[in-house]
Amino acid sequence: MGLGVRWTLHGDGRTPAPGAVVRPDERLSWPRTAGLGAQHVVAMFGASFVAPVLMGLDPNLAIMMSGIATMLFLLATRGRVPSYLGCSLSFVGVAAIIRAQGGDSAAVTGAILVVGVVLFLAGLLVRRFGARIIHAAMPPVVTGAVVMLIGFNLAPVTARTYWPQDQWTALLTMLFTGLAVVCLRGFWSRVAIFLGLLFGYALSWVSDRLFGKIHSVNGGAEAVDHWRLDLSGVAKADWVGLPSLHGPSFGWSAALVALPVVIALIAENAGHVKAVGEMTGDRLDDQLGPAIAADGVATVLSTAVGGPANTTYSENIGVMAATRVYSTAAYWAAACFALLFGVCPKFGAVVAAIPGGVLGGITVILYGMIGLLGAQIWVHNKVDLRNPLNLVPVAAGVIIGIGGVSLKIGKNFELGGIALGTIVVLSGYHVLRALAPAHLKAQEPLLDEGTSSYDPVEDAAEGETPARGEA
């Protein structure tokens, strides 16, 4: 069996015929393929370099490892699942909690590495026993609740860390980004977060020129005078150089905080593989296990050198839906571009200079969208929250996770936040289901029916075919 790195030329290699699609094992001319690859890089930028900044990790290393992760994923799925792997936003809250407990970057990456190992093992189980082993353990009512508490648990990070640095820039950036998400069409709507960052960046520069320094908190507890946009690090950075690397460190408390994200990542993968399969017309059920395992290996590889976790990106699935070009050759081109950006320290310095107020405006929308994806899973899978079997564990787990409720076990061990909320939802649901009367045990839909969607009939009326999924 091949590795999916050989492609046949589609038509004349220029433009697909009306109604035709470029399949994963086909390609356009290499210049056009390179252009499509660059488009995929732009699509993943918004989330893929914001996430490491929010987690306190090196954005250059994150971009470089996303390219390596994408190559590994394409090889693992033998070129049948066109997808880009970028930095997962699901771990931003995990990083915030670990750092609040006194952990450093090594502790953050060590905890995420453990998640990568568990994700890899889950992929092997799915490949051996089929997807139903996942569906039985994590029905939509559970996955939706976990995704929701992961997103909403981040609200204090925005409210206490980023927004106070420059509230007016945050407000205007939030308004611009919201308008871009709603009003723009096609490819531009896919990169709305990226456009919001550019807007906030420019607004901060103009505000510094017009109003001078701002007096506010700037990463500390005390308010100080500082520039909104400090580009001093950009001038000092080299054009070419390797990103900074560091090894992980491991601790039980940090790993337990991170482990619940496994559920969200499995849900994302299932939905994305389903969406790609529907777009390409190729049943990809047999690729769900390899896709999950590949995400796990990519995450282990990235965190072993100090990078973030990697997962499939729905932003790039949207680009495919809009262009109808599903060629994996374009993703190989995108991965190569990412590697080049990763060895440019000046690029990383530009990313690291993003003002806190800009991040405040972006994260208000971004974190909320992550949380509401949990509600999307419930809606698409017709989860009945009037059923106490669903309502009770979800209500308890979400409040525990979002409110930061903790449970002290002994003198040196404490469970709280995302970890405790996930345990309550997962164990509570299965225990209650075992004890509940028969009339409450309605058949649950499959996990992958609601995490992403692709509706060519509905979207064709608007002239494009976007996919919806992870923010």
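Residues numbered from 1 in each chain as written. Predicted model: local features only at pLDDT ≥ 70, side-chain atom pairs only at ≥ 80, totals over all residues. Heavy atoms only, no water.

- You'll find the chain entered in an unreviewed UniProt entry as Nitrate reductase, with Streptomyces luteoverticillatus given as the organism.
- In the Sequence similarities (unreviewed entry) part of its UniProt record, the chain is described as follows: "Belongs to the nucleobase:cation symporter-2 (NCS2) (TC 2.A.40) family."
- As its UniProt record puts it under Subcellular location (unreviewed entry), the chain is described as follows: "Membrane". (UniProt positions renumbered as here; feature names shortened; annotations may be inferred.)

**Describing the domain arrangement of the chain**
Item 1. Taken domain by domain, the chain consists of domain 1 (25-383) and domain 2 (385-438).
Item 2. Once you take the C-alpha centre of each, domain 1 and domain 2 turn out to be 27 Å apart.
Item 3. Taken together, the contacts link 20 residues of domain 1 with 18 residues of domain 2.
Item 4. In terms of surface lost to domain 2, no three residues of domain 1 exceed Val141, Leu149 and Leu256, which account for 29% of the buried area on that side.
Item 5. Taken together, domain 1 and domain 2 are joined by three residue pairs in polar contact (both at pLDDT 80 or more).
Item 6. Contributing elements (two or more residues each) for the side of domain 1 that touches domain 2: α6 (132-137), α7 (140-152) and α13 (252-258).
Item 7. Among the elements that line the side of domain 1 that touches domain 2, the one with the most residues is α7, at eight residues.
Item 8. In terms of residue class, the side of domain 1 that touches domain 2 is built from 19 nonpolar, one polar and no charged. (Domains from an automatic or database assignment. Contact = heavy atoms within 4.5 Å. Buried area = accessible area lost by both parts, 1.4 Å probe. Polar contact = N/O pair within 3.5 Å; in protein donor to acceptor, adjacent residues only side chain to side chain. Helix = DSSP H or I, 4+ residues; strand = E, 2+ residues; numbered from the N terminus. Nonpolar A, V, L, I, M, F, W, Y, C, P; charged D, E, K, R; others polar.)

**Considerations on the environment of threonine 311**
Item 1. On the secondary structure map, threonine 311 appears in strand β6 (residues 310-312).
Item 2. The residues contacting threonine 311, other than those within four sequence positions of it, are Tyr84, Leu85, Gly86, Ser88, Leu265, Glu268, Asn269 and Asp295.
Item 3. Separated by 3.4 Å, the side chains of threonine 311 and aspartate 295 make a polar contact.

**Some points on the layout of surface pockets**
Item 1. Computed from the structure, the second largest pocket encloses a volume of approximately 670 Å³.
Item 2. When contributions to the lining of the second largest pocket are tallied by element, the ones reaching two or more residues are α2 (50-55), α4 (92-100), α8 (155-162), α13, α20 (388-403), β8 (414-416) and α21 (417-435).
Item 3. It is α4 that contributes the most residues to the lining of the second largest pocket, seven residues altogether.
Item 4. Looking at the lining of the second largest pocket residue by residue, the class counts come to 18 nonpolar, twelve polar and three charged.
Item 5. For the lining of the second largest pocket, the domains that each give at least three residues are domain 1 (25-383) and domain 2 (385-438). (1 Å grid on protein atoms, 1.4 Å probe; cavity = no way out; pocket = protein on both sides within 12 Å on 5 of 7 lines; lining within 4 Å. Points joined across faces, edges and corners; volume = space filled by probe spheres on them.)

**Describing a nonpolar patch on the surface**
Item 1. Together, Trp205, Val206, Leu210, Phe211 and Leu231 make up an exposed nonpolar region whose accessible area comes to about 540 Å².
Item 2. Along the chain, valine 206 falls in helix α11 (residues 192-211).
Item 3. Classification of valine 206 as partly exposed rests on a relative accessible area of 36%. (Patch = residues over 30% accessible without salt bridge, like charges linked within 9 Å, V, L, I, M, F, W, Y side chains within 5 Å. Areas by Shrake-Rupley, 256 points an atom, 1.4 Å probe, with all protein chains shown as cover. Salt bridge = Lys/Arg side-chain N within 4 Å of Asp/Glu carboxyl O. Buried < 20%, exposed > 50% of the residue type's maximum accessible area, 1.4 Å probe, protein only.)

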